[in-house]
Amino acid sequence: LEFGETLPLLTEKTPELEAEIVLFLVDSDLTDSEWQILQAYYHSHHRLLLLFNKQDQYPEEERELILGQLRERVKSLLPGEEVIAIATAPNPIKVRQHQADGEVKEWLEATNPDLGNLQGQLQQLLEQEKEQLLRGTLWRKARQISQQGQEKLNQMRRERALPVVENYQWLSAATAFANPVPAIDLVATAAINGQMILDLGEIYQQKLSLSQAQTLASILGKLMLQLGLVEFSSQAIASLLKSHFITYVAGGTVQGISAAYLTRLAGLSLIEYFQEEITLPDSNAENWAGLRDKLQQVFGQNQRLDWLQNFIKQVLSKNTIPVTSP
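Residues numbered from 1 in each chain as written. Predicted model: local features only at pLDDT ≥ 70, side-chain atom pairs only at ≥ 80, totals over all residues. Heavy atoms only, no water.

1. Brief notes about the packing of helix 6 (residues 194–203) against helix 9 (residues 253–276)
The condition that has to hold: An axis is simply a line fitted to the C-alpha atoms; with a helix, the fit covers only the stretch in contact. Between two such axes, the angle follows the N-to-C directions and lies from 0 to 180 degrees. Comment: elements are numbered from the N terminus, with helices defined as DSSP H or I runs of at least four residues and strands as E runs of at least two. Roughly parallel here means an angle under 35 degrees, roughly antiparallel means over 145, roughly perpendicular means 65 to 115, and every remaining angle is called oblique. Here a crossing is called left-handed whenever its near helix is offset anticlockwise from the far helix by less than a right angle, and right-handed whenever the offset is clockwise. In what follows, a contact means two residues having at least one pair of non-hydrogen atoms within 4.5 Å.
Relative orientation of the contacting elements helix 6 and helix 9 amounts to 25°, with a least axis distance of 11 Å. Considering the angle they form, helix 6 stands roughly parallel to helix 9. Of the two elements, helix 6 crosses helix 9, and the hand of that crossing is right-handed. Across the interface between the two elements, Met196, Ile197, Leu200 and Gly201 of helix 6 pack against Thr263, Ala266, Gly267, Leu270, Ile271 and Phe274 of helix 9.

2. Re the nonpolar core
Going by this rule: What is meant by a nonpolar core is a set of buried Ala, Val, Leu, Ile, Met, Phe, Trp, Tyr and Cys residues, joined one to another through side-chain atoms within 4.5 Å. In this scheme, a residue with accessible area under 20% of its type's maximum is buried, one over 50% is exposed, and one in between is partly exposed, where area comes from a 1.4 Å probe on protein chains only.
One finds Leu200 and Tyr261 to be the most contacted residues of the largest nonpolar core, which totals 48 residues. Among the elements of the structure, helix 4 (130–178), helix 6, helix 7 (210–226), helix 8 (229–244), helix 9, helix 10 (289–301) and helix 11 (305–317) are those that each provide at least two residues to this core. Tyr261 has contacts with Phe232, Ser233, Ile237, Phe299, Asn302, Gln303, Trp307, Leu308 and Phe311, leaving out every residue within four places of it along the chain. Core analysis: the next-biggest nonpolar cluster, separate from the first, contains 20 residues, Phe24, Leu38, Tyr58 and Leu70 among them.

3. With respect to the pattern of salt bridges
Basically, it comes down to this: Salt bridges are counted wherever a side-chain nitrogen of Lys or Arg sits within 4 Å of a carboxyl oxygen of Asp or Glu.
Under the defined criterion, the tally for this structure stands at eight salt bridges. For Arg73, the salt bridge identified is with Asp32, shortest N-O distance 3.6 Å. Residue Arg73 is found in helix 2 (residues 60–73), and its partner Asp32 is found in helix 1 (residues 32–43); the two are separated by 41 residues along the sequence. According to the relative accessible area criterion, Arg73 is partly exposed, its value standing at 27%. A relative accessible area of 55% means that Asp32 is categorised as exposed. In this structure, Arg96 and Glu106 form a salt bridge, with 2.6 Å as the shortest nitrogen-oxygen distance. Remark: Glu106 occurs in strand 6 (residues 104–109) and Arg96 occurs in strand 5 (residues 93–98); sequence separation between them is ten residues. Taking the relative accessible area as the measure of exposure, Arg96 reaches 53% and is therefore exposed. Of the residues examined, Glu106 reaches a relative accessible area of 42% and is grouped as partly exposed. Through salt bridges with shared partners, one network takes in Arg47, Glu82 and Glu129.

Listed below in structure tokens is the structure:
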């Protein structure tokens, strides 16, 4: 049995509780985060009891009001009798004693915990819902095994996918240098490569045709432009080349490195997206919010100037872009 106020918000990567029954403590009405945690445990088939603790700190009228609010709030998850008012550590009571000589002595006397009908509810659950508790445990163990298997599969796929992304980022750099294009066209001509999308889709068992890959490339391009990634890459890379590299760099170098950078962002975003999406939405860009989120996530992880500086060195060291001394 675990107490909810010490528990983190559940996610797919949060370890499951080794418990069939969860006692969830609150000392007032539910907050939004507490409500989300309760829902997470409910959908994980844990048996719940919601405990309104510290009831002794409220006047009786306010106490009943809060208890009623709690029962109304969680009525879709558990019946009212399973929302229980308790006081695990009641405030001590002031005791005053008048002595025979007229002296008055006062002290604080501890009071016993008030657990209401908690013990009775627990006993009832254990006696009447044994099979349900067992089914919940089996369900969670099965889901845990499934998640572990999926994580292992994603790890293996990622190990195959990363060299593919790196290969296309170097290819994009060389292509953009040989045929310099305006920055706004980088996404369409270099950073988003339909063949890379097909290759990654094959690794993640996404059956894409060439036309579907081209459509996805177009959607990625639009998302990159909307998020300002093309402008950022060109400006940041040009600035770093001027301030950190004592070389004269040919005119297409910024485009080449930007193409490699955007190709990497696109590839890593697709890897993250394919790991979670089983079926792909239609060509309407509005339905690709998940891909947009992954693109923002990957960009956030790959926008630091020190990382970009090292990336530029990698691109230059690949000899895909010629550099001459001034």
